[in-house]
Amino acid sequence: MKADRENRPLLQLLGINKAFPGVQALKKVDFELRPGEVHVLVGENGAGKSTLMKVIAGAHTKDSGRILIDGQEQRQWGPRVSRSKGVAMVYQEFTLVPFRSVAENIFLGREKLKTRVFLDKVKMYREASDQLVSIGIDLDVRLPVMDLGVGEQQMVEIAKALALNGRILVLDEPTSALTVPEIELLFQVIRRLRSKGVGIIYISHRMEEIAQIGDRVTVLRDGEYIGTRNVSEVQLDQIVVMMVGREINNLFSRSFCEPGDVALRVKGLRDGRRLKDVSLEVRHGEVVGLAGLIGSGRTELARAVFGLDTLLSGSIELFGKSVAKSNPPGSLALGVGLLPEDRKRDGLFPILPLKHNVSICSLRSMFRSGFINPKVEQSLAKEYIDKLQIQPSDIERQVKYLSGGNQQKVVIAKWLAVGPKVLIFDEPTRGIDVGAKTEIHCLMNQLVNAGHAILMISSELPEILGMSDRIYVMYEGRIVAEYPQGTGAELIMRSAMGFN
Amino acid sequence: MVNRSKFRAFFLRVPTVAWVLLLMIIVFTISSPHFFTLHNISNILSQGSILIILSMGVIVVKITGGIELSVGGVMTLAGMSMAAALMKFDWPIPLCLIVALLVGTFFGFLNGIFVAKMGIPSFIATLGCQGMAFGIATGMNDGRVFSGFPRQMGYFGGGSILSIPVPVCLSAIAFLSSFILLGYTRFGVYVYAIGGNEESLVLSGKAAWWHKVKAYMYSGFMAGLAGIVVTSRNMTSQPMVGFGMEFEAFAAVVLGGSFIAGRGSAIGAIIGALFIIVLRNGLNVTGVPTYLQLAIIGPALIGSIVLSILVERGLRNRSYAGK
């Protein structure tokens, strides 16, 4: 009887359907969560993971299908019911209030009061502290959240979500902003919660995390339920196959060619903050991978080379000529392009139509008179839509409506229109689904074959390994290692973590 | 190490303008014997009470991320309405005071509905309400002032309790009210939540929009109170008396550290308001001509805000690198 209860699923979804205008987002999706398991949910972008989460949270109403909690069918289902049944959501975007204390954040919306008006801060501090300790975190709950690191904020999010007798914890890509030690801490917390019988739904893009933390894995594709497997009995390749629906024999299709002259040479770069001493070179016709953990200074290096941040010392040489002081307009003129890490924020003008996003860096060179010829601009956009196969092929579409992969193609198109020689790709395929990823990689391949030089920053080791001619590894603001093509992942990871 | 980070944390919590204010007080004290006297201080606070009261309302809206540009007009209209109730309808004074407060609160409600329910950007909504308020205030007595109030009406602007001027008492109450509201009540947490991350409040199952409306109503209420004080002090109600006050109140809260949504405090706001008041008074006492004063105050405001931002950035960077 007792064993029966333990095996009874906390949450069951049966035949969930959900349609939005023009899209069937979920088609007869089944899902089951048992107490004390980490159930990983994977799928390409647009596979329906977020929609499914929102159905569980009650933020979206299902069109049809059944939701069962502890084996009992729930006829009324909405945000309040979901919360009261113990569903605790941790969204990808943090939902903390920066200027208020950890305790006030944990109790947001359920503040403890004394004399019915005033906050009972003493009680809130004590209970918040207990809450954090119970998930294994020691933190001063009086600190304002803005003074915490990203990892600590994540823990506060989890404590906040669980504070309401959470039994079903939903984590939406919880590691996307965390560093390796922070991820380890998160995993410890997850394991502790699992041993307490909390059921955890873990959404992730990172394949390696499935093996690290998952008990079972469910795959969605195009809104359809593909299958559920025990992690101990499945190979990651098989999961990839389930996700993409086809065998990917060669995920990275690089054709290597003989590199040419040095296009970009950086020597002894220091910025007085993150960059301690960075020297590297990138040749025409090669992709140079830059590996390293978040916070190791990779993005700062990219910004410094492009001229966004000031340098204390060091030199930058482009095509054999020294650059006195790099700045963005100068970099543009010399043929350096930067594809930023956060493309929505730094790489695009989300509410402008596609055509302006493509032409924006080349307006000056294309229209010397100062007046824009709309026809020329449109044909430029059309040219790149064809070349890069941007979908949908509508030059008037605001780019915020494009998928991540197509947005990235727009950023690439913007630079190609300028005709750069050196391209810095900062996390070129982050948050992009597998199909579009391959297309971006093909593009990079074409670019280097045409003689461009690419410096590629990536947190995904397979990408670094599969795409690079050479690999530099950064650690705490320095280049700590350089490896040739074909180096093992383990070696690179060791360097990135500071072992030598 | 611990000491140094505590030191830094302290400097981060105290708005930079507090130090500038301190410096200014020292400079004015040295340069004029009339500055640091009980009489002048009492005068300064009394003169500044209107700005302080307005700032105490505006800060709440500012923390939610709103820009409240209606308080100048609303305080004027509140004063005019009170005067009209008194002079045209002969209502008893307590009722007239309530009229002023209600008019203020009602305009706050309008602002709040425009912003929170209709999604109109706050500076447009409040600027619109400001125009409306000035328009009604001017039309109320065909562009003329109300005057000839009964003597008791002067109590709120000119009276005193235990030799403390009533306007100073009222600004102290306004300050305490905002201080407690922001720091020690649920509503305060929600105000910061709206500014810092409105979505989080919605996800916590709260009607964020309604709390936003309440923030504007609170600001309107304070504008109503300021209207009472200004009318009572002048013993006339002029249809343009609050002109430009919204910008001073806005400058005060920004000076007090509320640069971005979700940040700011009642203490910061009152320090910001005092900065403006002391600067004005100091320039008066040291004999700087009025036309030059305006030319000094503007750049001084901008300079202080720039300085505050730089200091904060410096402290933050260093604490970041020190980690």
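Quick notes on the rules
Residues numbered from 1 in each chain as written. Chains lettered and ligands numbered in written order. Predicted model: local features only at pLDDT ≥ 70, side-chain atom pairs only at ≥ 80, totals over all residues. Helix = DSSP H or I, 4+ residues; strand = E, 2+ residues; numbered from the N terminus. Rg over C-alpha atoms; globule rule 2.2 N^0.38 Å. Buried ≥ 20, exposed ≤ 12 C-beta atoms within 10 Å, placed from the backbone. Contact = placed C-beta atoms within 7 Å. Nonpolar A, V, L, I, M, F, W, Y, C, P; charged D, E, K, R; others polar. Pairing = 2+ DSSP bridges. Axes fitted to C-alpha atoms, helices over the stretch in contact; angles between N-to-C directions. Core = buried A, V, L, I, M, F, W, Y, C linked by C-beta atoms within 7 Å. Right-handed = clockwise from strand over helix to strand, strands pointing away. Expected span 1.5 Å × (residues − 1). pLDDT = per-residue confidence, 0-100. Left-handed = near helix turned anticlockwise from the far one by under 90°.

Participant: Just to check I follow, could you spell out the overall build of chain A for this structure?
Facilitator: Looking only at helices and strands, one finds 19 helices and 22 strands in chain A. The globule rule puts the C-alpha radius of gyration for 500 residues at 23 Å, and the 25 Å found for chain A is close to it. A principal-axis box enclosing the C-alpha atoms of chain A has dimensions of 75 × 50 × 50 Å. When the 500 residues of chain A are sorted by exposure, 44% land in the buried category. A separation of at least 24 residues holds for 69% of the contacts in chain A among residues at least 6 apart in sequence.

Participant: Even after reading the chapter, I still don't get the overall build of chain B, so can you show me in this structure?
Facilitator: A count of helical and extended segments in chain B gives 13 helices and 4 strands. Compactness check: chain B gives a C-alpha radius of gyration of 20 Å against a globular reference of 20 Å for 323 residues, within 12% of the reference. When burial is assessed residue by residue, chain B has 51% of its 323 residues classed as buried. Contacts spanning at least 24 positions in sequence make up 80% of the contacts within chain B whose residues lie at least 6 apart.

Participant: How should helix H10 (residues 298–306) of chain A be read in this particular structure?
Facilitator: Note: α-helices contain 3.6 residues per turn, so residues at a spacing of three or four share the same orientation. All names here are of chain A. Of all 9 residues that make up H10, 9 are buried, and the element is covered over most of its length. Among all positions in H10, only Arg-298, Thr-299, Glu-300, Leu-301, Ala-302, Arg-303, Ala-304, Val-305 and Phe-306 are buried. Residue Gly-307 follows H10 closely and has a positive phi angle near 95°.

Participant: How do you make sense of the interface of chain B and chain A when you look at a structure like this?
Facilitator: For an interface, size is often stated in terms of accessible area lost upon the parts coming together. In this assembly, 18 residues from chain B lie in contact with 18 residues from chain A. Per-element tally for the side of chain B that touches chain A: the top contributor is helix H9 (residues 186–203) of chain B, with 10 residues. Considering only residue class, the side of chain B that touches chain A consists of 7 nonpolar, 7 polar and 4 charged.

Participant: Where do I start with the environment of B:Thr236 in this structure?
Facilitator: Residues and elements named next belong to chain B. For Thr-236, the location among the structural elements is in strand S4 (residues 236–237). Here Thr-236 falls in the partly exposed class, since 16 other C-beta atoms lie within 10 Å of it. Put simply, Thr-236 and Val-285 are 49 residues apart on the chain and 26 Å apart in space, counted from C-alpha to C-alpha. Not counting chain neighbours up to four residues away, the residues in contact with Thr-236 comprise Val-145, Phe-146 and Ser-147.

Participant: I keep staring at the sheet that holds strand S22 (residues 478–484) of chain A and nothing clicks. Help me out?
Facilitator: Residues and elements named next belong to chain A. Taking strand neighbours across the sheet as the criterion, the 6 strands line up as S18-S19-S20-S15-S21-S22 in an open arrangement whose pairing is mixed. Each having just a single partner strand, strand S18 (336–339) and S22 make up the two edges of the open sheet. Within the sheet, the average angular offset between the axes of one strand and its neighbour, ignoring direction, is 20°. Pairing of S18 with strand S19 (residues 422–426) involves 4 bridges; the strand directions are parallel. Within S19, the position partnered with Gly-337 by the bridge is Leu-423. Along the sheet face, H10 touches strand S15 (287–292), S18, S19, strand S20 (453–457) and strand S21 (470–475) and points at about 150° away from the line of S19.

Participant: Teacher, can you tell me more about the sheet that holds strand S17 (residues 321–323) of chain A here?
Facilitator: Think of a sheet as strands paired side by side through backbone hydrogen bonds, with each pair either parallel or antiparallel. All names here are of chain A. Spatial ordering of the open sheet is given by S14-S13-S16-S17, a layout of 4 strands whose pairing is antiparallel. Every other strand in the sheet has two partners, leaving strand S14 (278–283) and S17 as the edge strands with one partner each. Strand-to-strand twist of the sheet, defined as the mean angle between neighbouring strand axes without regard to direction, takes the value 20°. For strand S16 (residues 313–318) and S17, the ladder comprises 3 bridges, and the chain directions are antiparallel. If you follow Leu-318 over to S17, its bridge partner there is Lys-321.

Participant: Please clarify how the nonpolar core should be interpreted in this entry.
Facilitator: In globular proteins that are soluble, nonpolar side chains generally tend to be buried together. Counting residues in hydrophobic clusters, the biggest one holds 161 residues, and the most contacted among them are A:Val170, B:Ile53 and B:Leu54. Apart from residues no more than four positions distant in its own chain, A:Val170 is found in contact with A:Met53, A:Ile56, A:Val87, A:Ala88, A:Met89, A:Val90 and A:Ile201. A:Ala291, A:Val305, A:Leu455 and A:Tyr475 belong to the second largest nonpolar core, which has 66 residues in total.

Participant: Could you clarify how one ought to interpret the pairing of strand S10 (residues 199–203) of chain A in this entry?
Facilitator: Along a regular strand, successive side chains alternate from one face of the sheet to the other. Residue and element names in this part refer to chain A. Burial analysis of S10 places 5 of its 5 residues in the buried class, which makes it a mostly covered element. Side chains of S10 alternate between two faces, with Gly-199, Ile-201 and Ile-203 and Ile-200 and Tyr-202 buried alike. Here strand S3 (residues 38–42) runs beside S10; their pairing, made up of 4 bridges, is parallel. By the bridge assignment for S10, Val-40 is matched with Tyr-202. Tracing the backbone out of strand S9 (residues 168–172), into helix H7 (residues 180–195) and back to the parallel element S10 gives a crossover that is right-handed.

Participant: Help me out: how do you make sense of helix H5 (residues 93–117) of chain B in this one?
Facilitator: Between its first and last C-alpha, H5(B) extends 35 Å over 25 residues, near the 36 Å set by a 1.5 Å rise per residue. Looking at the residues trailing H5(B), positive phi occurs at B:Gly119, about 70°.

Participant: I'm lost on the environment of A:Tyr475 in this one. Help?
Facilitator: Residues and elements named next belong to chain A. By secondary structure assignment, the location of Tyr-475 is in strand S21. The exposure class of Tyr-475 is buried, given the 21 C-beta atoms found within 10 Å. Here the alpha-carbon distance between Tyr-475 and Val-81, two residues 394 residues apart in the chain, equals 47 Å. Setting aside residues up to four positions removed in sequence, Tyr-475 forms contacts with Gly-292, Ser-296, Val-480, Ser-495, Ala-496 and Gly-498.

Participant: How should unusual backbone geometry be read in this particular structure?
Facilitator: A negative phi angle characterises most non-glycine residues, just as the trans form characterises most peptide bonds. Residue and element names in this part refer to chain A. Omega for the peptide link from Gln-391 to Pro-392 comes to -10°, which places this bond in the cis form. With respect to the element layout, Pro-392 can be found in the loop between helix H15 (374–388) and helix H16 (404–418). Look at Phe-319: it is not a glycine, yet its phi comes out positive at around 50°. In this fold, Phe-319 is placed in the loop between S16 and S17. According to the C-beta neighbour criterion, Phe-319 is partly exposed, with 16 such atoms within 10 Å.

Participant: Teacher, can you tell me more about the confidence of the model for chain B here?
Facilitator: Any region with low pLDDT has predicted coordinates that should not be read closely. Residue and element names in this part refer to chain B. Residues at a pLDDT of 70 or more form 93% of chain B, whose mean pLDDT is 87. Note on residues 318–323: pLDDT under 50 across the span, and 3 contacts to partners over four residues away in sequence or across chains. Model confidence for the complex is summarised by a pTM of 0.75, with the ipTM given as 0.80.

Participant: Teacher, can you tell me more about the packing of H5(B) against helix H10 (residues 208–234) of chain B here?
Facilitator: Packed helices, taken two at a time, are described by the angle between their axes plus the distance between the axes. Residue and element names in this part refer to chain B. The contact between H5 and H10 brings their axes to 6 Å, and the two run at 150°. When the axes of H5 and H10 are compared, the crossing they make is right-handed. Taken together, the residues that form the contact of H5 with H10 break down as 19 nonpolar, 9 polar and 2 charged.

Participant: I keep staring at the packing of H5(B) against helix H6 (residues 122–140) of chain B and nothing clicks. Help me out?
Facilitator: Residue and element names in this part refer to chain B. Across the interface, H5 lies against H6 with an axial gap of 9 Å and an inter-helix angle of 145°. In this structure, H5 crosses over H6, and the sense of that crossing is right-handed. Every residue of H6 that contacts H5 at Phe-107, Leu-110, Asn-111, Phe-114 and Val-115 is listed here: Ser-122, Ala-125, Thr-126, Cys-129 and Ala-133. Of the residues assigned to the contact of H5 with H6, the class counts are 7 nonpolar, 3 polar and no charged.

Participant: What is the right way to read the environment of B:Glu246 from this model?
Facilitator: All names here are of chain B. Within the fold, Glu-246 resides in helix H11 (residues 245–255). What makes Glu-246 buried here is the crowd of 24 C-beta atoms within 10 Å. When neighbours within four sequence positions are excluded, Glu-246 is seen to be in contact with Leu-69, Ser-70, Val-71, Gly-72 and Gln-130.

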